[in-house]
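# Tertiary structure, described
Chain by chain, the residues:
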Amino acid sequence: MKNLREKCKASFVKNKYNICIFIVMVIFSLIICTNFLKPHFALDTYCVYAHDTNVQIEHFLVSNRIFSAFAVWLSKALNISFFTYMKLLNLAGVVFLAASWFILYKFVIAITKKQSNVFYNILIAGISFSIIYNFCTVESLLFWESGVMCLGILCTIIGSCVFNSNIKYKRIISFFDLLIGSTCYQGAITIYIPLTLVLLAYKHKEHIRNIFIESIKVGFIYFLVMIINLFATKIFSNMFNYEFRKMDVLSIPEILNTVVRLGYDMIVQTFGIGPKYWYVLTIIAISIIFLIYIFKKQKSKFYILEYIVLVATCTIIPILPMLATPVESQYLETRMAMSFGSSLGILILFLVLVVEIHKYNILKELTIILISLMMLLNAMYYVMAASENKVTNYLDGNIAKTIIKEIYDYEKETNIKVENIGVACDKNPINHYDGQRWLGVITTRSMGTEWAAIETIEFYSGEHFNQTEVPNEHKEEFLQKNWDSFDKEQLIFEGNNLYICMY
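Report follows, based on the coordinates. None of the values given here were measured: they were computed from a predicted structure. (Residues numbered from 1 in each chain as written. Predicted model: local features only at pLDDT ≥ 70, side-chain atom pairs only at ≥ 80, totals over all residues. Heavy atoms only, no water.)

### Concerning the overall build of the protein chain
Regarding its fold elements, the protein chain presents 17 helices and 4 strands. In terms of C-alpha radius of gyration, the protein chain reaches 25 Å, essentially the compact-globule figure of 23 Å for 503 residues. C-alpha atoms of the protein chain, sized along the principal axes, occupy 80 × 65 × 45 Å. For the protein chain, the residues scored as buried account for 51% of the 503 residues in total. As displayed, the protein chain has an accessible area near 23,500 Å², and 64% of this comes from carbon and sulfur atoms. (Helix = DSSP H or I, 4+ residues; strand = E, 2+ residues; numbered from the N terminus. Rg over C-alpha atoms; globule rule 2.2 N^0.38 Å. Buried < 20%, exposed > 50% of the residue type's maximum accessible area, 1.4 Å probe, protein only. Areas by Shrake-Rupley, 256 points an atom, 1.4 Å probe, with all protein chains shown as cover.)

### Notes on a nonpolar patch on the surface
Where nonpolar side chains cluster on the molecular surface, the patch consists of Tyr264, Tyr277, Leu281, Ile284, Ile288 and Ile292 and spans about 590 Å² of accessible area. With 4 residues, the single largest contributor to the nonpolar patch is helix α12 (residues 278-296). On the secondary structure map, Tyr264 appears in helix α11 (residues 252-268). (Patch = residues over 30% accessible without salt bridge, like charges linked within 9 Å, V, L, I, M, F, W, Y side chains within 5 Å. Salt bridge = Lys/Arg side-chain N within 4 Å of Asp/Glu carboxyl O.)

### Here's the deal with the pattern of salt bridges
All told, the structure shown has 12 salt bridges when counted by the stated rule. Among the charged side chains, a network of salt bridges with common partners joins Arg171, Glu214 and Lys217.

### Description of a negative patch on the surface
A contiguous patch of negative charge on the surface is contributed by Glu473, Glu477, Glu489 and Glu494. Looking at the secondary structure, you find Glu494 in strand β3 (residues 491-494). (Lys, Arg positive; Asp, Glu negative; His and termini not counted. Charge placed at Lys NZ, Arg CZ, Asp CG, Glu CD.)

### A word on the sheet that holds β3
With mixed pairing, the 4 strands of this open sheet are ordered in space as β2-β1-β4-β3. Two strands close off the open sheet at either side, each with one partner strand: β2 (466-467) and β3. Contacts between helix α15 (residues 361-414) and the sheet are confined to β3 and β4 (497-502), with β3 contributing the most and set at about 30 degrees to the helix. In the packing of helix α16 (residues 450-461) onto the sheet, the strands contacted are β1 (420-425), β2 and β4, and the crossing angle to β1 comes to about 140 degrees. (Pairing = 2+ DSSP bridges. Contact = heavy atoms within 4.5 Å. Axes fitted to C-alpha atoms, helices over the stretch in contact; angles between N-to-C directions.)

### Points about the packing of helix α6 (residues 118-132) against α15
Between α6 and α15, whose axes approach to 9 Å, the crossing angle comes to 40 degrees. When the interaxial angle is binned, α6 and α15 end up oblique. Considering only the axes of α6 and α15, their crossing is left-handed. Along its contact with α6, which presents Phe119, Leu123, Gly126, Ile127, Phe129, Ser130 and Ile132, the element α15 presents Lys364, Thr367, Ile368, Ile371, Met374, Met375, Asn378, Ala379 and Tyr382. Tallied by class, the residues present in the contact of α6 with α15 amount to 11 nonpolar, 4 polar and 1 charged. (Parallel < 35°, antiparallel > 145°, perpendicular 65-115°, else oblique. Left-handed = near helix turned anticlockwise from the far one by under 90°. Nonpolar A, V, L, I, M, F, W, Y, C, P; charged D, E, K, R; others polar.)

### Focus on the packing of aromatic side chains
Applying the stated criterion across every chain, the model contains 34 aromatic pairs. Each ring, one from Tyr85 and one from Trp144, has its centre 5.5 Å from the other, and the planes form 40 degrees; the classification is tilted. Residue Tyr85 is found in helix α5 (residues 82-112), and its partner Trp144 is found in the loop between α6 and α7 (146-163); the two are separated by 59 residues along the sequence. In terms of burial, Tyr85 and Trp144 fall into one category: buried. Linked through ring pairs, Phe41, Tyr46, Tyr49, Phe82, Phe83, Phe459 and Tyr460 together constitute an aromatic cluster. (Phe/Tyr/Trp six-rings, centres within 6.5 Å; stacked < 30°, edge-to-face > 60°.)

### Some remarks on α6
Between the first and last C-alpha of α6 there are 21 Å, a value that for 15 residues agrees with the 21 Å anticipated at 1.5 Å per step. In terms of residue burial, α6 counts as a mostly covered element, since 12 of its 15 residues are buried. All of the buried residues in α6 are Tyr120, Asn121, Leu123, Ile124, Ala125, Gly126, Ile127, Ser128, Phe129, Ser130, Ile131 and Ile132. The N-cap residue of α6 is Asn117: its side-chain oxygen and the backbone nitrogen of Phe119 are 3.2 Å apart. (Expected span 1.5 Å × (residues − 1). Polar contact = N/O pair within 3.5 Å; in protein donor to acceptor, adjacent residues only side chain to side chain.)

### Regarding the side chain of Asn90
Position of Asn90 relative to the elements: it lies in helix α5. By relative accessible area, Asn90 is classed as buried at 2%. Apart from residues lying up to four places away in sequence, Asn90 is in contact with Phe36, Leu37, Lys38, His40, Leu141, Phe143 and Ser146.

### Quick notes on the pairing of β1
For β1, the tally of buried residues reaches 5 of 6 residues, placing the bulk of the element in the interior. By the bridge criterion, 2 bridges tie β1 to β2 in an arrangement that is parallel. Bridging across to β2, Asn420 finds its partner in Asn466. Each parallel crossover has a hand, and the one from β1 via α16 to β2 is right-handed. As paired elements, β1 and β4 share 6 bridges and run parallel to each other. Across the sheet, residue Ala424 finds its bridge partner in β4, namely Cys501. (Right-handed = clockwise from strand over helix to strand, strands pointing away.)

### Considerations on α7
The first and last C-alpha atoms of α7 sit 26 Å apart over 18 residues, in line with the 26 Å expected at 1.5 Å per residue. Of all 18 residues in α7, 16 are buried; the element is thus mostly enclosed.

Read these as layout, nothing more, since geometry by itself doesn't imply function.
Right under this line is the structure:
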């Protein structure tokens, strides 16, 4: 026992610097994610609460999200309350994100052998933060299974670092890291290729042939994992006779249309988050600085090809799964495009790590300002996103409670128990509350979404309601209206049925 204590003490003394850095990163992460540690709800969270455990497990398995299915099963097996388990998963998620930040930072510092360079440590820590924490990865803390989604990010970061390490069987280990990450959440592994390619470009900086060969291996690992996911999804779908994500072989025009349409929504519209063209203008500014530096310093033109490949992989990889999806079922959310959210950080890492743009005096200060600004904005976005989500939850809760009161009043007055609820929409339904910032699913109204409204009412009432179809005459009546706030006229009671118009 004494020897064990002495070994632990010696290990702590040896690694106290790294331990202190990790603790600081965890504390900073906890600060910007404080509101995510409190009870909060995405649309899916109400469904997790309202639906049967077996239904939830089946739902996750047909998407090959095995770890999320296991999390649902574990909550039932251990009989942990809904709120307690959600808090534990949220806390685990924040710790996993902090661990991802720390591992990426330490790995880059280690391969560059600049542990004693304070400036470089701060620079890489700032870049690593923006790769892990951005407007796309923020959604990994929004859902009930947040800990699992963040574990997927952690596995992806570890996989990238392992591939570029010198350990034995590194490619096999990297493959299994990525495979585990994909069964946590497929959107998380989109970061793998661009991040691995940056680290690869630095490791084989003077050997272009090696970069090509190793890049092919990186792509092979990623697509092998995606193929395994595809087969697993089909197996689970056949097992449960339930196909959650339909698959199809698209024609060439449909493929091109999908790439252009989703690419425009992602790159130009940035999913409606922030001003239009802000991402395009930022990329153009960074690219101009990059090209001026390349030609002025007469750097290898191969860097330009690497830069183009990085931009392409960050933006195209999230779209690839949609090329096997029927056009009518295609959609892209920020959490499905984490490589896109990480792209600015990844490009800056490339410029600093491979091109060494920070060695040019004028650009050194510009690089510091850019990284500091990115870190500040990303941290602020996490705080703002969590706060806006809480506001949405509050407004959803108010409407749900008002409807529940109307139900109770109706039941008391008529002595008829309301058992069925149907939902329809007015002429111009909106997906977020008037006056709120649009932040994608973070501020999407559950009481304005057909598949989440009834579940929200169930959550606040503690009762179960059957879903029913709204009669056509009421649908037509609702379509003549255009409400911009809740009104009791949106509720129609008929016998044991309640028909709700969402505005």
